[in-house]
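Summary of the model geometry
Here is how the chains run, residue by residue.
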Amino acid sequence: MIDLESMRAAEQAPVTEAGGPSADIRVAVEFSVSPGGPPDVALAPDGATGYPGVRVKQADADGTVLPQDVYVALPRGKRLRFAAEGGSDYLLTVRDSRGTEKTHRGILSSDGQALTFENVDLALSGKGSTATAWVAVKASDTARPGSTHLLFCVGDRTSGSTTIRVVDHIPFSVAPGGPPDVILKPAGGTGYPGVRLRADDDGTVAPQDVYVALPRGRGLRFAAEGGTGCLLTVRDARQVEKTYRGTLSSDGQGLTFQGVDPALSGKGSTSLAWVAVKASDTAPASEDPITLTFCVGDRPSGSTPIHVDPGAG
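Predicted, not measured: the structure shown is a model, and the values here were computed from it.

Each value, and the rule that gives it
Starting from 1, residues in each chain are numbered consecutively following that chain's sequence as written. Two thresholds apply to this predicted model, a pLDDT of at least 70 for residue-level local features and 80 or more for giving and counting side-chain atom pairs, whereas whole-chain, interface and lining totals are computed over all residues. Heavy atoms from the whole structure form the basis of all side-chain values; hydrogens and water molecules are not counted. Pairing between strands is defined by DSSP: at least two bridges between them are needed. Helix and strand definitions here come from DSSP, where helices need a minimum of 4 consecutive H or I residues and strands a minimum of 2 consecutive E residues; each element is numbered from the N-terminal end. Lines fitted to C-alpha atoms define the axes, with helix axes restricted to the stretch in contact, and inter-axis angles between N-to-C directions lie between 0 and 180 degrees. Definition used for salt bridges: Asp or Glu carboxyl oxygen within 4 Å of a side-chain nitrogen of Lys or Arg. With a 1.4 Å probe rolled over the protein chains alone, any residue whose accessible area is under 20% of its type maximum counts as buried; one over 50% counts as exposed, and the rest are partly exposed. pLDDT runs from 0 to 100 and stands for how confident the predictor is about each residue. Pairs of residues are marked as contacts when any of their non-hydrogen atoms sit within 4.5 Å. What makes a nonpolar core is a set of buried Ala, Val, Leu, Ile, Met, Phe, Trp, Tyr and Cys residues whose side-chain atoms join them at distances within 4.5 Å. Ring pairs are drawn from Phe, Tyr and Trp, using the six-membered ring of Trp, whenever the two centres fall within 6.5 Å, and their geometry is named by plane angle: stacked under 30 degrees, edge-to-face over 60, tilted for the rest. Only lysine NZ and arginine CZ atoms are considered, and such an atom sits over a ring when it is within 6 Å of the ring centre and within 35 degrees of the ring normal.

Right, let's talk about the sheet that holds strand β2 (residues 41–43) for a bit. Here we have three strands laid out as an open sheet, ordered β2-β15-β12, and mixed in their pairing. A single partner strand is all that each edge strand has here, and the edge strands are β2 and β12 (146–148). Strand-to-strand twist in this sheet, taken as the mean axis angle between neighbours without regard to direction, amounts to 25 degrees. Sheet analysis places β2 next to strand β15 (residues 164–166), joined by three bridges and oriented parallel. In the strand pairing of β15, A42 is matched with R165.

Take the pattern of salt bridges next. Tallied over the entire structure, the rule returns twelve salt bridges. R198 serves as the salt-bridge partner of D200, at 3.0 Å between the closest nitrogen and oxygen. When the shortest N-O distance is used, the salt bridge between D251 and R216 registers 3.0 Å. A residue pair is termed long-range when its members are at least 10 positions apart, and D251 in the loop between β23 (247–248) and β24 (254–260) and R216 in the loop between β19 (208–213) and β20 (220–222) qualify at 35 residues. Look at D251 and you get partly exposed, because its relative accessible area is 43%. Judged by relative accessible area, which is 62%, R216 ranks as exposed. Overlapping salt bridges, with partners in common, bring together E30, D156 and R157 in one network.

Before going further, it helps to examine the confidence of the model for the chain. The share of residues in the chain with pLDDT of 70 or more is 91%, and the mean pLDDT across the chain is 88. Here residues 1–24 is modelled with pLDDT under 50, and outside its nearest four sequence neighbours on either side it reaches eight contacts, counting other chains as well.

A few words now on the nonpolar core. The biggest cluster of nonpolar side chains holds 36 residues, and the ones touching the most others in it are L220, L232, F257, V275 and L292. If near-sequence neighbours (up to four positions away) are discounted, L292 is found in contact with P193, V212, A213, L214, P215, L220, V275, V277, S301, G302, S303 and I306. V70, L80, V135 and L150 belong to the second-largest nonpolar core, a separate cluster that totals 31 residues.

A few words now on the packing of aromatic side chains. One pass over the full model with this rule turns up zero aromatic pairs. The cationic tip of R157 hangs over the ring face of F31; the distance from NZ or CZ to the ring centre is 5.7 Å. Seen from the ring of F172, R299 lies directly overhead, with NZ or CZ sitting 5.4 Å from the centre.

As a further point, take the pairing of strand β6 (residues 91–95). Of all five residues that make up β6, four are buried, and the element is covered over most of its length. Hairpin remark: β6 followed by strand β7 (residues 101–105), antiparallel, with five residues in the connecting loop; positive phi at G99, about 90 degrees. Where β6 and strand β10 (residues 130–134) come together, three bridges link them in antiparallel fashion. When the bridges of β10 are listed, V94 appears paired with A133.

Turning next to unusual backbone geometry. Backbone geometry at N119 places phi at a positive 55 degrees, although glycine is not the residue there. Topologically, N119 is positioned in strand β9 (residues 114–120). For N119, a relative accessible area of 55% translates into the label exposed. Even without being glycine, Q239 reaches a positive phi, approximately 70 degrees. Mapped onto the secondary structure, Q239 falls in the loop between β21 (231–235) and β22 (241–245). Given the relative accessible area of 53%, Q239 is considered exposed.

Here the focus is the sheet that holds strand β1 (residues 31–36). The five strands lie next to each other as β1-β3-β10-β6-β7, forming an open sheet whose pairing is antiparallel. Each end of this open sheet is capped by a strand with a single partner; those strands are β1 and β7. Across the sheet, the axes of successive neighbouring strands diverge by a mean angle of 25 degrees, strand direction being ignored. Pairing analysis gives six bridges linking β1 to strand β3 (residues 53–58), with the strands arranged antiparallel. Of the residues in β3, the one forming a bridge with P35 is V54.

Quick look at the structure:
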């Protein structure tokens, strides 16, 4: 008996040059997963978001790494939690070797300890190519200091994430800086003495209260700006500025600013902060430079040097 269905299937199958059915052009190849993604992550309890991740690499073979399901689990007992991004979504970000990023929305487990992402394109483009993938996490206010990692399961490949270090706080330092040395003329224009801030560890420095005091007996006063009161300006490494309105003390000698973002994210990152001051018409000439006192959180520093020069233009 002739099998008509078999004959039709044979007629419709693609044919290679050798005359046989063609193979699937998407030849699945192996890949590996290892800790990686963004740099090591430092998290302060109830602090900023961190992004631990993994590095994926295609084997040294031609073909296509097929889409994979990705499962990410938090370490038990470390009191970390996944952070929603762009609203209420939990995202996995995949960045290819050209820096192009694509996000995938995840499904949070009922206990909040795991995320599952389905059909994730790993953005591998050929033999030996690499990509990185990460999620967003935070440390709760009761998180315990120490090192840990997330578990990533990419298809049937498993790996720990970038190292996560939970620290009491992200340390930073404050030094004289800001704009160049300030020269003031009695009853003259405004100057902008300030400080330079620097992150001394990975992670994002939390908002700080800032107190600025004038030197006694020098005839200086804080200057209001734009009709909105006395301001503190913070300029980050990209030259983006943000201002904060301060509370002036009853004697006019001190300014307090609450919840100031120091714009420090990543070890070695820097920012500048300054206030506006003027010299009164009775301010004495300064033989030696004078400074304001800045207290950023629990970090004190003098400001940019200030010179009072009656002969200044």
